[in-house]
Amino acid sequence: ASGWISDRFGAKRTFLTALALFTGASALCGVAGSMEVLVAFRVLQGIGGGLLVPVGMAMLFRAFPPADRARASRVLLLPTAIAPASGPVLGGLLVDNLTWHWIFLVNIPIGIAAFLFGWAYLEEQQSEHGRFDLAGFVLSGAGLALVLYALDQGSSRGWGTSAVVASGLVGAAALMALVVVELRIEQPMLDLRLLGDRLFRTVNAVSFAAYGSFLGVLFLMPLFLQEVRELSATESGLTTFTEAFGVIIASQVASRLYPRVGPRRLMIGGLAFTAAVSASLALVGLDTDIWLVRLAMFALGLGMGFMIMSQQAAAFAQISPGDTANASAI
């Protein structure tokens, strides 16, 4: 719903509200007294975070013409790479030396500072909007949640269990109904007609596979290092954070090559390299030198850096300013 909300209430107002919600929910997570309460506050945190990324991306690409978006992506990738790298290191230090509460409480001063900065310097952006697409909102929310639930529970409860099969089938049916509904109404919540643009469609399809692979590694590697290799949370963070250096280096090179080489070659080359590195991680075992793991994570970041920078610049190259919010939501 981020596209409609930002068009209706203004991008700056939506962004700052989402930031305030994320920061406030982080504070509530930090003082949660039970797992159930923590999960509830994490939902609130997710609502804020779910709005921040697409609304912020839409504001950024509205501010830059297509010719300058590669340069803008080069700057954007610095925090995009540094944050996931510093997070596991800082989180490990907090968990090992303080308590888990601080991984949430640390967000409070950062969130307040970001809110005040945004309040002072962001410019309001507002576009035309139609009625809220309730059917699209319900179908997309229910469909995505049910499919993700089935994928999450299938490996532990069994793929043939009634709850997993039912949630997967109902979720898939909801998503298919979503496509029909969104293509028939005049002003849909998710404007799937934008996928008629070949460049936008292709970049999204490639990104789906690429981020699935990349984030899969970033999710599984800490579990392997801590649960199997028995490294501390801090040691695990110091092992995986090298991927950020790879992303930063590659993105700075790719942004300079982009005008001459174009997104196709940069994305294909980056993804081919990423695939080779990902395959090599299958050889990592209990006795693998930890510096080889760090080198592999650095190489993974190198490949993804070429892909991410090119994807961010190319996805919006042919999208009009009025469609930017809807495009970022997709």
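Relevant structure appears above.
Residues numbered from 1 in each chain as written. Predicted model: local features only at pLDDT ≥ 70, side-chain atom pairs only at ≥ 80, totals over all residues. Heavy atoms only, no water.

J.: Can you break down the overall build of the protein chain residue by residue, with the values?
T.: Along the protein chain, the regular secondary structure elements total 14 helices and zero strands. Seen in sequence order, the protein chain has helices and strands lined up from the N terminus as α-α-α-α-α-α-α-α-α-α-α-α-α-α. Relative to the 2.2 N^0.38 estimate, which gives 20 Å for 330 residues, the radius of gyration of the protein chain is 21 Å and therefore close to what a compact globule would have. With the C-alpha coordinates aligned to their principal axes, the bounding extent of the protein chain is approximately 60 × 55 × 50 Å. For the protein chain, the residues scored as buried account for 39% of the 330 residues in total. Expressed as a percentage of contacts within the protein chain between residues at least 6 apart in sequence, the contacts between residues at least 24 apart total 78%. Summed over all atoms, the accessible surface of the protein chain reaches about 17600 Å², with 69% contributed by carbon and sulfur. (Helix = DSSP H or I, 4+ residues; strand = E, 2+ residues; numbered from the N terminus. Rg over C-alpha atoms; globule rule 2.2 N^0.38 Å. Buried < 20%, exposed > 50% of the residue type's maximum accessible area, 1.4 Å probe, protein only. Contact = heavy atoms within 4.5 Å. Areas by Shrake-Rupley, 256 points an atom, 1.4 Å probe, with all protein chains shown as cover.)

J.: Tell me about helix α1 (residues 2–9), and please be specific about residues and values.
T.: Buried within α1 are the following residues: Ser 2, Gly 3, Trp 4, Ser 6 and Asp 7. In this fold, the buried residues of α1 make contact with α2 (11–30), α3 (35–63) and α14 (324–329). Positioned one or two residues after α1, Gly 10 has a phi angle of 100 degrees, which is positive.

J.: Explain helix α9 (residues 198–228) residue by residue, including any values.
T.: Over its 31 residues, α9 extends 44 Å from the first C-alpha to the last, a length consistent with the 45 Å expected when each residue adds 1.5 Å. Among the residues of α9, Phe 200, Val 203, Ser 207, Ala 210, Phe 214, Val 217, Met 221, Pro 222 and Leu 225 are the ones counted as buried. Buried residues in α9 make contact with α10 (233–240), α11 (242–261), α12 (263–280), α13 (290–315) and α14. By the N-cap criterion, in which a side-chain oxygen at the helix start approaches the backbone nitrogen of a residue two or three places on, α9 is capped by Asp 197, the distance to Leu 199 being 3.1 Å. Positive backbone phi, approximately 60 degrees, marks Glu 230, located one or two places after α9. (Expected span 1.5 Å × (residues − 1). Polar contact = N/O pair within 3.5 Å; in protein donor to acceptor, adjacent residues only side chain to side chain.)

J.: Before we move on, could you go through the packing of aromatic side chains and cite the residues and values that matter?
T.: Given two aromatic rings, their pairing is described by the distance between the two centres and the angle made by the two planes. Counted by the stated rule, this structure contains seven aromatic pairs. Summarising the aromatic geometry, the rings of Trp 4 and Phe 132 are spaced 4.9 Å apart at their centres and angled 70 degrees between planes, so their arrangement reads as edge-to-face. Highlighted residues: Trp 4 in helix α1 and Phe 132 in the loop between α6 (107–121) and α7 (134–157), separated in sequence by 128 residues. For Phe 132, a relative accessible area of 33% puts it in the partly exposed group. (Phe/Tyr/Trp six-rings, centres within 6.5 Å; stacked < 30°, edge-to-face > 60°.)

J.: Give me the lowdown on unusual backbone geometry, citing residues and values where you can.
T.: The phi torsion of most residues other than glycine is negative, and most of the peptide bonds are trans. The phi angle at Glu 230 is positive, at roughly 60 degrees, despite the residue not being glycine. Along the chain, the position of Glu 230 falls in the loop between α9 and α10. On the basis of relative accessibility, which here comes to 67%, the residue Glu 230 falls in the exposed class.

Spatial relationships are all this shows, so hold off on functional conclusions.
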